[in-house]
Amino acid sequence: MTHLPVMTAEVLQHLRPEQGGLFVDCTVGLGGHARALLEAGATRGIGLDRDLDALARAGETLAPWGDRVELVHADFRAVTEVLDRRQIAAVDGALADLGVSSMQFDAPGRGFSFQRDEPLDMRMDRSQGDTAADFVARASEVELADTIFQYGEERFSRRIARALVETRRDVPVTSTGQLAAIVRRSIPRRGYTRIDPATRTFQALRIWVNRELEGLDRVLEGLASRLRAGARLAVITFHSLEDRIVKHTLRALEHREAALVRVLTKKPLVPAEDEVQRNPRARSAKLRVAERMA
């Protein structure tokens, strides 16, 4: 599937790259949003990503802009350190698209999807860290249940954890097909459901493997503090756990004694219906925007 950056029109409308300046994309992915910002008038760009495959593709996408763009292999949580190393005190706009890209879902061997039977990896940065299979192999039943409940909001997490532990006594759980089959057997059938029963468990393990929620509030505060007065931060989320953190963090920055930002989206923006028809994966996207106070 071709990668389609989500809510590009809304991002451009709120970040206003036509005014020029330096924009940082904390999760550059395949470079779609960064390209749109540069095409619309951004002077320079810095893009971070922990996925080396994605960075290579972003390099191809952004090649026409040459040295006006710098791509950095780094976790989005390291964005302030990346800016510090370059002696960049302030930026003219920042974007964090917290979703998993279509490339990551569709590329063979990554283990993000249960559409194919492949190694249970799920790491965005395959150069380090435990895989989902490592966690499933060593976690206790309680740890598995708590993780699946907390990060997947899966009501049958205890049944799933019990089934995983019982299965691994006989055979290691090392593939997406195995995991999906175990989860589906563990959840009572209730007729047709829009999402596959394995979806929430896969989400939970992916969040655990990549520490997706860890430190997100601190990253947002760090980014907000690096904005020039009047510059904006845009954050795109794809599930309620992320969106809740973004919502409460931006609200806290707005309402503290010395307000750091003004929240421009009291309710999150969502994709237009025609975008969802073109790109069904955009359906769950939510965009929140805040502007740095003078």
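Look up: the structure comes first, before these words.
What comes next concerns the included structure. Treat the numbers as computed from the prediction; the structure is a model and nothing was measured.

On to the overall build of the protein. In terms of helices and strands, the protein carries 13 helices and seven strands. Overall size of the protein, expressed as C-alpha extent along the three principal axes, is 60 × 45 × 40 Å. Taking all 294 residues of the protein together, the buried fraction comes to 54%. Carbon and sulfur atoms form 48% of the exposed surface of the protein, whose accessible area is close to 14100 Å². Side-chain charges in the protein split into 45 positive and 42 negative, and the spacing between the mean points of these groups amounts to 4 Å.

Moving on: unusual backbone geometry. Of note, Arg-16 is a non-glycine position whose phi angle comes to about 55°, a positive value. By secondary structure assignment, the location of Arg-16 is in the loop between helix H1 (8-15) and strand S1 (22-25). Despite not being glycine, Arg-211 shows a phi value in the positive range, around 50°. Classification of Arg-211 by relative accessible area gives partly exposed; the value is 38%.

Glancing now at the packing of aromatic side chains. Within this structure, the stated rule accounts for two aromatic pairs. Ring geometry for Phe-114 against Phe-202: centres 5.1 Å apart, planes inclined by 80°, an arrangement best described as edge-to-face. Taken together, the residues span a long stretch of sequence, with Phe-114 in the loop between helix H5 (102-106) and helix H6 (132-138) and Phe-202 in helix H10 (residues 199-210) at a distance of 88 residues. Residue Phe-114 shares its accessibility class with Phe-202, and that shared class is buried. Aromatic pair Phe-135 and Trp-208: ring centres 4.0 Å apart, planes at 25°, arrangement stacked. Here the residue Phe-135 occupies a position in helix H6, and Trp-208 occupies one in helix H10, the gap between them amounting to 73 residues.

Turning our eyes to something else, we now look at the sheet that holds strand S6 (residues 261-263). Spatial strand order, S3-S2-S1-S4-S5-S7-S6: seven strands in an open sheet with mixed pairing. Pairing within the sheet leaves two strands with one partner each, and these edge strands are strand S3 (69-73) and S6. Here the strands of the sheet are splayed against their neighbours by 15° on average, with no regard to which way each runs. For strand S5 (residues 227-237) and strand S7 (residues 286-292), the ladder comprises six bridges, and the chain directions are antiparallel. Residue Arg-232 lies in a different strand from S7, and its bridge partner there is Glu-291.

Moving on: the pairing of strand S2 (residues 44-49). Within S2, five of the six residues are buried, which leaves it mostly tucked inside the rest of the structure. Taken together, S1, helix H2 (residues 32-39) and S2 constitute a β-α-β crossover, and its handedness is right-handed. Strand direction decides the pairing type here: S2 and S3, joined by five bridges, are parallel. Residue Ile-46 lies in a different strand from S3, and its bridge partner there is Glu-70. Note that the unit made of S2, helix H3 (residues 52-61) and S3 has a crossover that is right-handed.

Another aspect to go through is H2. Taking burial as the measure, the eight residues of H2 include six buried ones, the bulk of the element. Every buried residue belonging to H2 is among Gly-32, His-33, Ala-34, Ala-36, Leu-37 and Leu-38, and all of these are buried. Check the buried side of H2 and you find it contacts H1, S1, S2, S3, strand S4 (91-97) and S5. Just downstream of H2, Gly-41 is the residue with a positive phi angle, here 130°.

Rules behind the numbers
- Residues numbered from 1 in each chain as written.
- Predicted model: local features only at pLDDT ≥ 70, side-chain atom pairs only at ≥ 80, totals over all residues.
- Heavy atoms only, no water.
- Helix = DSSP H or I, 4+ residues; strand = E, 2+ residues; numbered from the N terminus.
- Buried < 20%, exposed > 50% of the residue type's maximum accessible area, 1.4 Å probe, protein only.
- Areas by Shrake-Rupley, 256 points an atom, 1.4 Å probe, with all protein chains shown as cover.
- Lys, Arg positive; Asp, Glu negative; His and termini not counted.
- Charge placed at Lys NZ, Arg CZ, Asp CG, Glu CD.
- Phe/Tyr/Trp six-rings, centres within 6.5 Å; stacked < 30°, edge-to-face > 60°.
- Pairing = 2+ DSSP bridges.
- Axes fitted to C-alpha atoms, helices over the stretch in contact; angles between N-to-C directions.
- Right-handed = clockwise from strand over helix to strand, strands pointing away.
- Contact = heavy atoms within 4.5 Å.

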